[in-house]
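# Tertiary structure, described
Below are the chains, spelled out letter by letter.
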Amino acid sequence: MEVTQQLKPKDYRSDIPPVWCAGCGDYGVLASLTTAFSANHASTANTVLVSGIGCSSRLPYFVTTFGMHTCHGRAVPIATGIKLARPELKVIVVGGDGDNFSIGGGHLPHVARKNIDITLIVMDNSIYGLTKNQVSPTSRAGMVTSTTPYGSPDVPLNPIAYALVYGATFVAQSFSSNARLTADLIGQAMNHKGFAFINVISPCPTFNKVDTFEYYKPLLRNIDEVHTDKGDKIKALSLAMTMGRESATVPIGLFYQENRPSYVELLSGIKTRNKGTNKPDLEKIIDVFKL
Ligand SMILES: Cc1ncc(C[n+]2csc(CCOP(=O)(O)OP(=O)(O)O)c2C)c(N)n1
Ligand code: SF4
């Protein structure tokens, strides 16, 4: 059931106060999310936030929608199950770069290529915050952390390029203190049919002393200044590859959007063509497995 009366952003805040450090970028993402909920008349009864484990993954506690705080790296498959079982729900995954690109990184290609109708918001601080300063897949090369005391030897993963090449149909990047853009992109992602991915750069002032608010602010560029054809995947990919986080400019905004049937649509089409029903006969299914 959709709500008819528009709730204010603060109406989506639960009475549990966030436990994040002062100055954490995740506060900005929370504020943008509730603004997007309000602007899009989100129903608290029909919206589910799913997270893994990490500082950012605590977010579902702080809002009044339904929420699941699941296992580290497993929010995407759990959200997929929720969406397939209850396609009428808005399902949004929130969590960290470690959660979604490292331990949970194997899920991203499949949720993208299958175009599962969920939104994934990664709060990307290029570090493991909750477990206090280990290297993450988006930590820059050479970064000194508790697990890389002599500097990380790894090439960092490029979240936007990764989502694009695996077939995500909505790909965007934002910055946590740019609340208007982040809320706007979250609203667009929620209304997009298919898999929507937003990488929100969300600095961790406690453990990441390199990728700070101060570092990013002069580098941020509105992508619309250089990229207006949002259906041009090659241009989007080229921007993602050449305007990276260690380069002169960091583009924020919508990189790419495509209309492609979502997994839920494809499944219901298969069901209809094969005269299937939404109420399967469980007895019949169990009979198949009886000896
Ligand atoms: C299976 C499993 N492995 C490891 C951990 C320990 N662990 C908890 S959170 C986390 C990483 C958190 O980093 P990130 O996902 O980037 O989120 P952040 O805290 O930075 O928001 C790790 C390794 C765990 N809880 N479960
Ligand atoms: S450790 Fe970092 S990511 Fe975690 S709450 Fe503190 S500032 Fe935020």
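Located above this text is the structure these notes cover.
Residues numbered from 1 in each chain as written. Chains lettered and ligands numbered in written order. Predicted model: local features only at pLDDT ≥ 70, side-chain atom pairs only at ≥ 80, totals over all residues. Heavy atoms only, no water.

### Things to note about the overall build of the chain
- Of regular secondary structure, the chain possesses 10 helices and eight strands.
- Here the chain has a C-alpha radius of gyration of 19 Å; the compact-globule value for 291 residues is 19 Å, and the two agree.
- By principal-axis analysis of the C-alpha atoms, the chain measures approximately 60 × 45 × 40 Å.
- Sequence separation of 24 or more characterises 71% of the internal contacts of the chain that already satisfy a separation of 6 or more.
- As displayed, the chain offers around 13,900 Å² of accessible surface, 59% of which is attributable to carbon and sulfur atoms.
- Separation of charge centres in the chain, based on 28 positive and 23 negative side chains, amounts to 3 Å. (Helix = DSSP H or I, 4+ residues; strand = E, 2+ residues; numbered from the N terminus. Rg over C-alpha atoms; globule rule 2.2 N^0.38 Å. Contact = heavy atoms within 4.5 Å. Areas by Shrake-Rupley, 256 points an atom, 1.4 Å probe, with all protein chains shown as cover. Lys, Arg positive; Asp, Glu negative; His and termini not counted. Charge placed at Lys NZ, Arg CZ, Asp CG, Glu CD.)

### What to know about the site of ligand 1
- Surrounding ligand 1, one finds 16 residues, the nearest of these being C55, S56, G98, D99 and G129.
- Contact between ligand 1 and D99: an oxygen atom at 2.8 Å from a main-chain N or O atom of the residue.
- Coverage of ligand 1 by the protein chains reaches 73% of its 590 Å² of free accessible surface.
- No other element matches the four residues that helix α3 (residues 97-103) contributes to the shell around ligand 1.
- Class assignment for the residues of the shell around ligand 1 results in six nonpolar, eight polar and two charged. (Near = heavy atom within 4 Å. Polar contact = N/O pair within 3.5 Å; in protein donor to acceptor, adjacent residues only side chain to side chain. Nonpolar A, V, L, I, M, F, W, Y, C, P; charged D, E, K, R; others polar.)

### Focus on the pairing of strand β3 (residues 90-96)
- The buried fraction of β3 amounts to six of the seven residues, a majority that puts the element mostly inside the structure.
- Examined bridge by bridge, strand β1 (residues 47-51) and β3 share five bridges and lie parallel to one another. Across the sheet, the residue bridging to S51 is V94, located in β3.
- The pairing of β3 with strand β4 (residues 119-124) spans five bridges and is classified as parallel. Bridge pairing in β4 places I92 opposite T119. (Buried < 20%, exposed > 50% of the residue type's maximum accessible area, 1.4 Å probe, protein only. Pairing = 2+ DSSP bridges.)

### A look at the side chain of N133
- Relative to the helices and strands, N133 is located in the loop between β4 and α5 (159-165).
- The class for N133 is buried, based on a relative accessible area of 17%.

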